[in-house]
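# Structure assessment
Residues per chain, in single letters:
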Amino acid sequence: MLGTHLNKNIGRVLVFLFFMGSFCIQSQEKQESSVSLISYIKTLEDRFDIKFSYLNEDLEGYAIQIPENLNSLSDILQYIQDKFRIVPEKLNDRYYALSKNNRVNLCGVVLDNFAENTVIGATVEVMGFNIAIITDSDGSFRLENVSRDASLRIRYLGYDTKYISVEALIHQGGCPKILLAPRYEELDEVFVYKYLTSGIIKESDASISLNTAEFGILPGLIEPDILQTVQALPGIKSIDETVSDINVRGGTNDQNLVLWNGIKMYQSGHFFGLISAFNPYQTDKVTVYKNGTPAIFGDGVSSVIQMETGNTVPKTFKGGGGFNLISGDVYAEIPVTQKLGVQFAARRSATDFLSTPTYKQFINRAFQDSEITLQNNNTVEDEFIRDEDFFFYDFSGKIIYDLNPNHKISLSAIHIKNNLKFEETNVSLNETKISLLKQDNISVGGQLTSSWTERFSSHLNIYYSKYNLDAENIFANQVQLLFQNNEVTENALKLDTRYLITDGWSWTNGYQYIETGITNATVINQPNFNSEIKGVIRTHAPYSELNYSSPGNKFMGGLGARVNFIENLNTFQKVIVEPRLNLNFKLANYLRAEVLGEFKSQTTNQIIDLEQNFLGIEKRRWILSNDSSLPVTTSKQGSIGFNYEKNNLYIGVEGFYKHVDGISTSTQGFQNPNQFAGEIGSYDVKGVELLINKKGDNYSTWFTYAYNKNDYTFDSITPPTFPNNLDIRHTITFASTYTYKDLKLSIGLNYRTGKPFTEPVEGDEGLDDDFVPPRINFQSPNNSRLPDYFRADASAIYHIQLARNIKANAGLSILNFTNRRNTLNEYYRVNEEDEIETIENFSLGITPNISFRVSF
């Protein structure tokens, strides 16, 4: 048994040695049949009687196994090309050139390695060759004539950077998948508060941002009208229910800086303030500052409202359109190339050929000469026939071009137009008044955004803006004519730089130049009067701001200053320093505090003409400060706020004090003898704002309260201190939204105390006959108040999926569904019978509106 087992093992060893010997012999034969490529090339020269020209370094180091099955020269050269990337070139019948080809074409697809989703817009760089592209909408890329020895670097925000050699991609064949790993980092806690409805956020710097693409629903709104939406925020209201007269913490509308893509806008409304002039479906983001404004912003002593359209080249076509009972609009984002994109939006009213219930209510609100009563409370029984021809439109567009991954240029333009012809006939007197009014705003601007290094970036903004108002009034006698023109032209340049010192410190510096020219012309034919006043103000404003954020964002702060060098055609020069402060810090779990402060100034204001001019339709004209009859307006504001959020309950409270100096009675809307005086004074506002918001998965309910005590001080008026025309002591809002599947519902109640106004002296002493024409003797300024204001609004939106990529929604809104008759204003004038008339302006009655929109 032992011998048998031993014999078997010896046999196995002999078989193994036999095969090993055969393998070694075959390997030796193969080695003997392989020669250096240069030696083989020389044998070909002898064999085919030809000559090769080549560089030794291109062929050195290569060994070739002689292809015995190839006989023709063309087949042998093709074999060499395929195996060694040595490209033959036939020079003539006898001479050939051989060169090494180190360039290839390649492609790939960049994916997320978690779910293999395509990564759109990832940067693919060929390292060392200044070649970079971005991935397409399907995550793919293609590179041509790339060195085989190079490596690719693939980057995308939120993913780890990946390096891969070109050779490795080639060996995978085809267009291989390249998987990026998401970058997981422990991020600092960011404090932003989402409240009211989706798309509205309070940022850590106390600003409010509105994302129109994510906008939910608000009471009375079925479309995200920008300037209507901001009025849902505490401290922002319009006392006369318009978007062109927004009052922020007791300030007038002209004290708001309204920017569209960095361009200052001098017209903001259609339908004389009832509709915002900015298309929300092109607007990407809106930012509102009530205090603690960054130093990059000048002008606007009450607030900054900044609107920005999208600033990235669209990857796919996107668009939509819709209509409501006032107007229709379309918008689109179009990718022209990978680096070039176009945006546009257009809207036009249907008011000149279609009369709807909404239009009729807007007409009654905008063109009412109001209910007129005599001082003895007898209503004037004159019958009026009114006929209007009115339309508006707006168009905006933007071109975006990516010069390279670090530099982007964009061009923006907007045109806003209102056109009105209004006739009013007094049937009793057989007299007709005709008013013609045209408003135009045309603005163009360019922006260059650059990232010079990972820490240093810059933003250059240049724009030209022109606003024009032409108003013509033909009086009842059909002879007397009044013409007014208000024209504003503005050129501006701003260069803003940002340097990231460390991960927690950043430093912003910049310079802004603004040249504003305003012309006001008035022509009357009987009596003959012609006036034209022109002015130009130039402002040079360097600024700087330092920002810090501690680890974990327990403390965040910004400290900056802006210096304005102002000159008005050499009639005056002024230097105004504007410090800015913005602090945000953690007090306890879920509780943070903010301290804000700012000094600001502005050189443009709006004077308000008499109510009876142009039937009270448009009575505001822009003017420039001249440092005498109208100084530069300045403001100082400070506030302290507290924010608490836990379990979807947000509570925010803020107390503030604001002092504004350099105002004129001509810019405040006085409707008593002080409206003619042009007295210079100031106002002080003390206030508290409270917001309580509770949110759930499908609902949001909020309560806001604002208390303001707003007083004028005019030393030349008796008494010198009295309530501001915008002194609304108490404002309350209670609203709620609810979402059920594709249906969104919202209802809200708005209450505020009445605004002050000035009444005439009672009895026969109310009219002073010593003057021709007689004048009204008024009581103390703003000694009376209008009745309290109350309005209830509701809205509903239903979303419909028409196709895979086509969505639609239908909306219904009702403003003032209780049909309450709210008095917005009351003033007095003397009629042709030398009697005092009382004119009352009323709010919108019950106003329905419907809309239908499609997006794709």
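A few points on the structure. (Residues numbered from 1 in each chain as written. Predicted model: local features only at pLDDT ≥ 70, side-chain atom pairs only at ≥ 80, totals over all residues. Heavy atoms only, no water.)

Further remarks concern the overall build of the chain. Within the chain, the secondary structure is distributed over 8 helices and 55 strands. Considering only contacts in the chain between residues 6 or more positions apart, those separated by 24 or more positions represent 63%. Carbon and sulfur atoms make up 54% of the accessible area of the chain, which amounts to about 40700 Å² in all. (Helix = DSSP H or I, 4+ residues; strand = E, 2+ residues; numbered from the N terminus. Contact = heavy atoms within 4.5 Å. Areas by Shrake-Rupley, 256 points an atom, 1.4 Å probe, with all protein chains shown as cover.)

For the rest of this paragraph, the subject is the nonpolar core. Tyr 195, Leu 196, Ile 200, Leu 233, Met 265 and Phe 278 are the most contacted members of the largest nonpolar core, which totals 37 residues. Elements with a contribution of two residues or more to this core: strand S15 (208-211), helix H6 (226-229), strand S18 (256-260), strand S22 (283-289), strand S23 (303-309) and strand S29 (407-426). For Leu 196, the residues in contact, after removing those within four places along its chain, are Ala 232, Leu 233, Leu 691, Asn 693, Ser 700 and Trp 702. Membership of the second largest hydrophobic core comes to 28 residues, among which are Leu 274, Val 632, Leu 815 and Leu 844. (Core = buried A, V, L, I, M, F, W, Y, C linked by side-chain atoms within 4.5 Å. Buried < 20%, exposed > 50% of the residue type's maximum accessible area, 1.4 Å probe, protein only.)

Attention now goes to a negative patch on the surface. On the surface, Asp 769, Asp 770, Glu 832, Glu 833, Asp 834 and Glu 835 cluster together to form a negatively charged patch. Relative to the assigned elements, Glu 832 resides in the loop between strand S53 (823-830) and strand S54 (836-842). (Patch = residues over 30% accessible without salt bridge, like charges linked within 9 Å, V, L, I, M, F, W, Y side chains within 5 Å. Salt bridge = Lys/Arg side-chain N within 4 Å of Asp/Glu carboxyl O. Lys, Arg positive; Asp, Glu negative; His and termini not counted. Charge placed at Lys NZ, Arg CZ, Asp CG, Glu CD.)

Time to look at the pairing of S29. Among the 20 residues that make up S29, 14 are buried, leaving the element largely enclosed by the rest of the structure. By the bridge criterion, 20 bridges tie S29 to strand S30 (residues 431-451) in an arrangement that is antiparallel. Of the residues in S30, the one forming a bridge with Ile 409 is Leu 448. Linking S29 to S30, which pair antiparallel, is a turn of 4 residues; within it Asn 430 sits at a positive phi near 55°. (Pairing = 2+ DSSP bridges.)

Our focus in this paragraph is helix H4 (residues 73-84). Taking 1.5 Å of rise per residue, 12 residues should cover 16 Å, and H4 covers 16 Å from first to last C-alpha, within 8% of that figure. Residues of H4 that are buried include every one of Leu 73, Ile 76, Leu 77, Ile 80 and Phe 84, and no others. Projection of H4 onto a plane perpendicular to its axis shows the buried side chains occupying an angular sector of 95°, all on one side. Turned more than 90 degrees from where H4 packs its buried face, Ser 74 and Asp 82 sit exposed. In this structure, the buried side of H4 is in contact with helix H2 (37-48), strand S2 (51-53), strand S3 (63-65), strand S4 (86-90) and strand S5 (95-100). Of the residues one or two after H4, Arg 85 is the one with positive phi, at around 55°. (Expected span 1.5 Å × (residues − 1). Arc of directions from axis to C-beta.)

Taken by themselves, the reported measurements are silent on function.
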